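Listed here are the chains, written in short residue letters.
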Amino acid sequence: MYALAIAVIATYSCAAQDLNTVLAAHESSVASFQFLRCSFTNTSSSTFLARPRVLTGTITAGPSLLVVTAKATDFESLVYVRPDRVECLRAEVVVRGGKREHRKEVLVSPTLRTMLDVDPYRDMLVTFLGGALPTAQNSLRLLLKNDPKKVEIHKDGDEIRLLTLDGSHTIFLSVRNNYLVVAHEARGSDKNVVSDQKASVLEFIRSADGVVVPAVMSFRVTNTAGGNTTTLFDHTTRLTGIDTKPFDENAVKPRYPRDTKVTNMIDGTEYTIDEGGNVLGEVRPSRQLVALTPAADQKQLPTTVEPARTGWWILPASVSVLAIALAVRLLIRRRR
């Protein structure tokens, strides 16, 4: 059905390919990513990393599910995303007496809270404006503000280029690859500093059931000042063993080591769990919930929730852009 919709749209002449037509073709292709299972290798370098970091892991994604495992020399993580909750297992690896030890903690939250080390749909240029699963709220259409009058559209052979009139975004789509986004460029400036972001799909493959899938992706952020360009962040993600056949989402359950500590930010509790996630022992109020008790002459302040610890497991890109305010403005549309 998706292929038929794309084929019909592809027969339009260049003059007939207005923004809505192109976006409809793109959305038909995005809809084909209902299921995805694969392995990945992610290599990142940054001015904030002493050396390049290599992550390996797996991706399991369905219409309402995303599970990403990631492993490096100093940590392991498991992120389990549902529409109503996110679970993140954080396992720091330390070496004592020549032995590797793990410190494990699960954080449960109603929001993603920058827990993903690799976000497959974002890296594949399928989602924009945040959100780990494809929705209307993080679509290309919404990135372009759903206003054809503010977007120029150009066609050159296989490539369609969408340019926002304010010059902040340029989107390239590939007709040959079912109108999927092949590149996203964004630019901003602050005084004498120009910041550029470029995300690209370097390779597409066709899965066994005929779905065209971005398989190799890159993402780079640079700052230019006084004629000198600095690369703030550069990463490449490669997907292998891609499988897009449907599976039972309800059969996918996170498995955690017994006696793993859980900090539940949804109901404000702490407890330990067994391998199946069942509570063991006492459920206690979370220490991450801080009640502010005012003096008699002060107004009552509401109870607040401390942000989750980040440290090594936050996205390297987030570390970079937190230190560079200009890069934040460029990245926020694509990442969170």
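This one's a predicted model, so the numbers in the text were calculated from it and none came from an experiment. (Residues numbered from 1 in each chain as written. Predicted model: local features only at pLDDT ≥ 70, side-chain atom pairs only at ≥ 80, totals over all residues. Heavy atoms only, no water.)

A. Main features of the pairing of strand E11 (residues 193-206). Sheet topology note: the strand E10 (residues 180-190)/E11 ladder contains eight bridges and is antiparallel. From the neighbouring strand, Asp-190 faces E11, where its bridge partner is Val-193. Here E10 folds back onto E11 in antiparallel fashion, the turn holding two residues, of which Lys-191 has a positive phi close to 60°. The turn linking E11 back onto strand E12 (residues 212-225) is made up of five residues, and Gly-210 within it adopts a positive phi angle of 90°. (Pairing = 2+ DSSP bridges. Helix = DSSP H or I, 4+ residues; strand = E, 2+ residues; numbered from the N terminus.)

B. Examining the confidence of the model for the protein more closely. Considering every residue of the protein, the mean pLDDT works out to 80; 79% of them sit at 70 or more. In this model residues 1-16 is a low-confidence stretch, pLDDT under 50, and it forms 20 contacts with partners more than four residues away in sequence or in other chains. Across residues 290-336, confidence stays below pLDDT 50; counting only partners more than four residues off in sequence or on other chains, it has 110 contacts. (pLDDT = per-residue confidence, 0-100. Contact = heavy atoms within 4.5 Å.)

C. A look at the environment of Phe-33. Mapping Phe-33 onto the fold places it in the loop between helix H2 (19-31) and strand E1 (36-46). Residues Phe-33 and Lys-245 lie 212 residues apart in sequence; the distance between their C-alpha atoms is 9.7 Å. Among residues more than four places away in sequence, those in contact with Phe-33 are Tyr-121, Met-124, Val-126, Leu-180, Val-211, Val-212, Val-213 and Pro-214.

D. Inspection of the pattern of salt bridges at higher detail. The final tally for this structure, using the stated rule, is 12 salt bridges. Here Asp-234 and Arg-220 are joined by a salt bridge, their closest N and O atoms 2.7 Å apart. In this pair, Asp-234 is assigned in strand E13 (residues 228-243) and Arg-220 in strand E12, connecting sequence segments 14 residues apart. Given a relative accessible area of 42%, Arg-220 falls into the partly exposed group. (Salt bridge = Lys/Arg side-chain N within 4 Å of Asp/Glu carboxyl O. Buried < 20%, exposed > 50% of the residue type's maximum accessible area, 1.4 Å probe, protein only.)

E. Representation of the packing of aromatic side chains. Counting across every chain of the model gives two aromatic pairs. For the pair Phe-35 and Phe-247, a centre-to-centre distance of 5.1 Å together with 70° between the ring planes defines the contact as edge-to-face. You can see Phe-35 sitting in the loop between H2 and E1 and its partner Phe-247 sitting in the loop between E13 and strand E14 (260-264), a full 212 residues away along the chain. One exposure class covers both Phe-35 and Phe-247, and it is buried. (Phe/Tyr/Trp six-rings, centres within 6.5 Å; stacked < 30°, edge-to-face > 60°.)

F. The side chain of Asn-42, seen in detail. Inspection of the secondary structure puts Asn-42 in strand E1. A distance of 2.9 Å separates the side chain of Asn-42 from the side chain of Ser-44, its partner in a polar contact. Polar side-chain contacts of Asn-42 include one of 2.8 Å to the side chain of Thr-237. (Polar contact = N/O pair within 3.5 Å; in protein donor to acceptor, adjacent residues only side chain to side chain.)

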